[in-house]
Amino acid sequence: MAFVLTHWQTDSLARFSVFLCLFVGAATLKYRVPGIAGTFSPVFVFALLGSATLSLSEVAVAGACGGIVQCIFKPQRRPSLVQVCFNAASLSMSSSAAHLVVQPEILGLAAKPLLISLTLGASVMYLVNTGLVSVVLTLVQRESLVEVWKHWCVGSLPFYLVGALIVAAPLSVDRQVTSTIALLVAPAILLAAIYFRIIFHSSGKTLVESQGSSQTV
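Residues numbered from 1 in each chain as written. Predicted model: local features only at pLDDT ≥ 70, side-chain atom pairs only at ≥ 80, totals over all residues. Heavy atoms only, no water.

K.L.:
Provide a residue-level description of unusual backbone geometry, including the pertinent values.
P.N.:
Keep in mind that most residues, glycine aside, have a negative phi and that most peptide bonds are trans. Residues other than glycine seldom take positive phi values, yet Lys 74 does so here, at roughly 45 degrees. The residue Lys 74 is located in the loop between α4 (56–72) and α5 (81–102) in this model. (Helix = DSSP H or I, 4+ residues; strand = E, 2+ residues; numbered from the N terminus.)

K.L.:
I'd like a description of the packing of helix α2 (residues 13–27) against helix α3 (residues 43–51), backed by residues and values.
P.N.:
Viewed as axis vectors pointing N to C, α2 and α3 meet at an angle of 160 degrees, and their least axial separation amounts to 8 Å. The orientation of α2 relative to α3 falls into the category roughly antiparallel. Our pair here, α2 against α3, has a crossing hand that is left-handed. When α2 is examined against α3, the residues Phe 19, Leu 22, Phe 23, Ala 26 and Ala 27 are found in contact with a partner set consisting of Val 43, Phe 46, Ala 47, Leu 49 and Gly 50. Taken together, the residues of the contact of α2 with α3 break down into nine nonpolar, one polar and no charged. (Axes fitted to C-alpha atoms, helices over the stretch in contact; angles between N-to-C directions. Parallel < 35°, antiparallel > 145°, perpendicular 65-115°, else oblique. Left-handed = near helix turned anticlockwise from the far one by under 90°. Contact = heavy atoms within 4.5 Å. Nonpolar A, V, L, I, M, F, W, Y, C, P; charged D, E, K, R; others polar.)

K.L.:
I'd like a rundown of the side chain of Thr 53, residues and numbers included.
P.N.:
Here Thr 53 lies in the loop between α3 and α4. Residue class for Thr 53 comes out buried when judged on its relative accessible area of 14%. (Buried < 20%, exposed > 50% of the residue type's maximum accessible area, 1.4 Å probe, protein only.)

K.L.:
Account for the environment of Lys 30, naming residues and giving values.
P.N.:
Following the sequence through the fold, Lys 30 ends up in the loop between α2 and β1 (31–32). On the basis of relative accessibility, which here comes to 15%, the residue Lys 30 falls in the buried class. The spacing of Lys 30 and Phe 73 is 43 residues in sequence and 9.1 Å in space, taken between C-alpha atoms.

K.L.:
Please provide a residue-by-residue account of the environment of Ala 2, values included.
P.N.:
The residue Ala 2 is located in helix α1 (residues 2–6) in this model. Classification of Ala 2 as exposed rests on a relative accessible area of 58%.

K.L.:
How would you explain the packing of α2 against α4 if you had to name every residue and give the values?
P.N.:
Pairs of packed helices are described in terms of their axes, by the angle between the two and the distance that separates them. As a packed pair, α2 and α4 sit with axes 8 Å apart at the nearest point and diverge in direction by 30 degrees. Classified by the angle between their axes, α2 and α4 sit roughly parallel to one another. Judged by the sense of rotation from one axis to the other, the crossing of α2 with α4 is right-handed. Every residue of α4 that contacts α2 at Phe 16, Leu 20, Phe 23, Val 24 and Ala 27 is listed here: Glu 58, Val 59, Val 61, Ala 62, Gly 63, Cys 65, Gly 66, Val 69 and Gln 70. A per-class count over the contact of α2 with α4 returns ten nonpolar, three polar and one charged.

K.L.:
Talk me through a nonpolar patch on the surface; I want residue IDs and the actual numbers.
P.N.:
Taken together, the side chains of Leu 127, Val 135, Leu 139, Val 140, Leu 145 and Trp 149 present a nonpolar region at the surface, about 590 Å² in accessible area. Per-element tally for the nonpolar patch: the top contributor is helix α6 (residues 114–141), with four residues. Its relative accessible area of 63% is what places Val 140 among the exposed residues. (Patch = residues over 30% accessible without salt bridge, like charges linked within 9 Å, V, L, I, M, F, W, Y side chains within 5 Å. Areas by Shrake-Rupley, 256 points an atom, 1.4 Å probe, with all protein chains shown as cover. Salt bridge = Lys/Arg side-chain N within 4 Å of Asp/Glu carboxyl O.)

K.L.:
Can you tell me about the packing of aromatic side chains, naming the residues and giving the values?
P.N.:
On inspection of all chains with the given rule, the structure shows one aromatic pair. Arranged with centres 5.2 Å apart and planes meeting at 80 degrees, the rings of Trp 8 and Phe 16 form a pair that is edge-to-face. A relative accessible area of 37% means that Trp 8 is categorised as partly exposed. The exposure class assigned to Phe 16 is buried, which follows from its relative accessible area of 8%. (Phe/Tyr/Trp six-rings, centres within 6.5 Å; stacked < 30°, edge-to-face > 60°.)

K.L.:
Break down the nonpolar core for me, citing the residues and quoting the values.
P.N.:
Proteins that are soluble and globular tend to have nonpolar side chains buried together. Ranked by internal contacts, the top residues of the largest apolar core, which has 30 residues, are Phe 23, Val 43, Phe 44, Phe 46, Leu 48, Met 125 and Val 167. Put simply, the parts of the chain that give this core at least two residues each are α2, α3, α4, α5, α6 and α7 (145–173). It is α3 that contributes the most residues to this core, seven residues altogether. (Core = buried A, V, L, I, M, F, W, Y, C linked by side-chain atoms within 4.5 Å.)

Written as structure tokens, this is what we have:
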């Protein structure tokens, strides 16, 4: 964060403001996966979308802000300072990693279709984010890293895939990402987030009910 702040770069403050609002708004649409002490949010979708037009410093700062909001917005328990800092760092690092891959000139992919860059960016962000969170959850819950990561990956993979497809749709027509395109994509992200929240909320109820039944027996 010190690096990106000292090397701050922006081509349009208005565009960055729009994306920052989208990052923060997406962070409030969090949902919990049953059996995992953590939450997901569609911030990564706007991180992918922003990576095609924002600078590295803009993506890193917006990701950190999204991580903070995701942690402090309507928490079940009041988060500690270290939890807030970790969540901000995790989303900032994973968003920055995706940016480095999505930008085609960095890896020499300028001549390749944008879909390839987006797929690589989504994969890198997916691995970095789930990897960091899984390590911390393993330390907190004292469970197997493989099992925690497997559960975390299975729970988040469908959302990452859907998000990547939503991002790829408008960019396949026009590589130029504008604030208007970002705002037009937002409703689809909102619907996807609500859909997954409902699914996992229902799964959580079923899990709790089954655990209660087994304890009663």
